[in-house]
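Overview (structure and organization)
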Amino acid sequence: MDTILIIEDSKDVNLMLAEALIDAGYAVKSVFTGIDGIVEIKNNMYDLILLDIMLPYKSGDEILKEMRQFSQTPVIIISAKNMIGTKIDFFKLGADDYITKPFDLGEVVARIESNLRRSHNQTLEAKVFRYKDLVLNDNEKRVSVNGSSMELTAKEYMILEMLLKNHGKVFTKSSLYESIWKDEYFEDDNTVKTHISNLRNKLKKANSNEKYIETVWGLGYRVYKD
């Protein structure tokens, strides 16, 4: 089931969109401020984002500009602004689509389906992920460093896959645990830390001259930013 994040400060509009999308078979998360929106994008994985422009504390263009530094999740702008210049500006920032208020719910759902279909097709095509001399082949479930294959556990592979597919994005221990182990995370659980440590040791053994996984103190983990 695809998960959609709605960032819209109007409670009525937000809940109306959420209801329509739930009826269409999507999982939905609603937030009502720009700050809450960027926090969700950084800490959780979504298949598509519906983004308003005029938001409290952090505007839609600021959110889009910031998230495009670490995420290529499809973004559909929903706004009352209908000027061509505004639309062009958002497409340049990395928006995938633009819907003007007032809108038809059927059209919104259709646009979402179209963008998700395109995104999924691109994901299927891009099954090889590279970082420095590290290559992850998702079709073959194989990882190599400097041309030599690595033996990873399933969980180690999944952690590395998440980090590589979201280059630059910081994942908290809780988000990694809940995404990979599919269970609730408890603060005193060292499972993720242990797996990260084992993964780092294997990467260091494969190439001691490179560093691949960075600890962002107080936040979580990511692959080193270039």
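Since the structure is predicted, the reported quantities are computational estimates derived from the model, not experimental observations.

1. A short note on the sheet that holds strand β7 (residues 134–137)
Two orientations exist for strands paired in a sheet by backbone hydrogen bonds: parallel and antiparallel. Across the sheet, four strands lie side by side as β6-β7-β8-β9; this open sheet has antiparallel pairing. The open sheet has two free edges, formed respectively by β6 (128–131) and β9 (148–150), since each of these has just one partner strand. For this sheet, the mean inter-axis angle between neighbouring strands, taken without regard to orientation, is 25 degrees. Note: β7 against strand β8 (residues 142–145), four bridges, orientation antiparallel. Each bridged residue has a counterpart across the sheet, and for Val 135 the counterpart in β8 is Ser 144. In the packing of helix α6 (residues 154–165) onto the sheet, contacts are made with β6, β7 and β8, and the angle to β7 comes to roughly 105 degrees.

2. Digging into the packing of aromatic side chains
In this description, an aromatic ring pair is defined by two values, namely the gap between the centres and the angle between the planes. Counted by the stated rule, this structure contains three aromatic pairs. Between the NZ or CZ atom of Lys 132 and the centre of the ring of Tyr 212, over which it lies, the distance is 6.0 Å.

3. Observations concerning the pairing of strand β3 (residues 48–51)
Here β3 shows a buried face lined by Leu 48 and Leu 50 and a second buried face lined by Ile 49 and Leu 51. Direction of pairing for strand β1 (residues 3–7) relative to β3: parallel, over a ladder of four bridges. Bridge pairing in β3 links Ile 7 to Leu 51. As paired strands, β3 and strand β4 (residues 75–79) are joined by three bridges and run parallel to one another. Among the inter-strand pairings, Leu 51 is bridged to a residue of β4, identified as Ile 77. In this fold, the crossover linking β3 to β4 by way of helix α3 (residues 60–67) has right-handed handedness.

4. Some words on unusual backbone geometry
Here the residue pair Lys 101 and Pro 102 is connected by a cis peptide bond, since its omega of -10 degrees sits within 30 degrees of zero. With respect to the secondary-structure elements, Pro 102 resides in the loop between β5 (97–100) and α5 (105–125). Look at Lys 132: it is not a glycine, yet its phi comes out positive at around 55 degrees. By the element assignment, Lys 132 lies in the loop between β6 and β7. Overall, the relative accessible area of 43% leaves Lys 132 in the partly exposed class.

5. Structural notes on the pattern of salt bridges
Within this structure, the stated rule accounts for 13 salt bridges. Across the pair Lys 58 and Glu 66 runs a salt bridge, and its minimum N-O distance is 3.2 Å. The exposure classification of Lys 58 matches that of Glu 66, with both residues buried. With a closest N to O distance of 3.1 Å, Arg 68 and Asp 96 form a salt bridge. With Arg 68 in the loop between α3 and β4 and Asp 96 in the loop between α4 (84–93) and β5, this pair connects stretches of sequence that are 28 residues apart. Classification of Asp 96 as partly exposed rests on a relative accessible area of 32%.

What counts, and at which threshold
- Sequence order sets the numbering: in each chain, residues are counted from 1 along the sequence as written.
- Confidence filtering applies because this is a predicted model: local features only for residues at pLDDT of at least 70, side-chain atom pairs given and counted only at 80 or more, and all residues used for totals across whole chains, interfaces and linings.
- With hydrogens and water excluded, all non-hydrogen atoms of the structure serve as input to the side-chain values.
- Two strands form a pair only when DSSP identifies at least two bridges running between them.
- By the criteria applied, helices consist of DSSP H or I runs no shorter than four residues and strands consist of E runs no shorter than two, each listed in order from the N terminus.
- Simply put, an axis is a line fit to the C-alpha atoms, just over the touching stretch for a helix, and the angle between two N-to-C directions goes from 0 to 180 degrees.
- Any two residues whose heavy atoms approach within 4.5 Å are treated as being in contact.
- Ring geometry is summarised as follows: Phe, Tyr and Trp rings, the Trp one being its six-membered ring, pair when their centres sit within 6.5 Å, and such pairs are stacked at plane angles under 30 degrees, edge-to-face over 60 and tilted between the two.
- Lysine and arginine charges are scored as sitting over a ring when NZ or CZ, respectively, is within 6 Å of the ring centre and within 35 degrees of the ring normal.
- For every residue, the accessible area (1.4 Å probe, protein chains only) is compared with the maximum for its type, and the residue is labelled buried under 20%, exposed over 50%, or partly exposed between those bounds.
- Note on handedness: a crossover is taken as right-handed if, strands pointing away from the viewer, the path from the first strand over the helix to the second is clockwise.
- By definition here, a salt bridge exists when the distance from a side-chain nitrogen of Lys or Arg to a carboxyl oxygen of Asp or Glu is within 4 Å.

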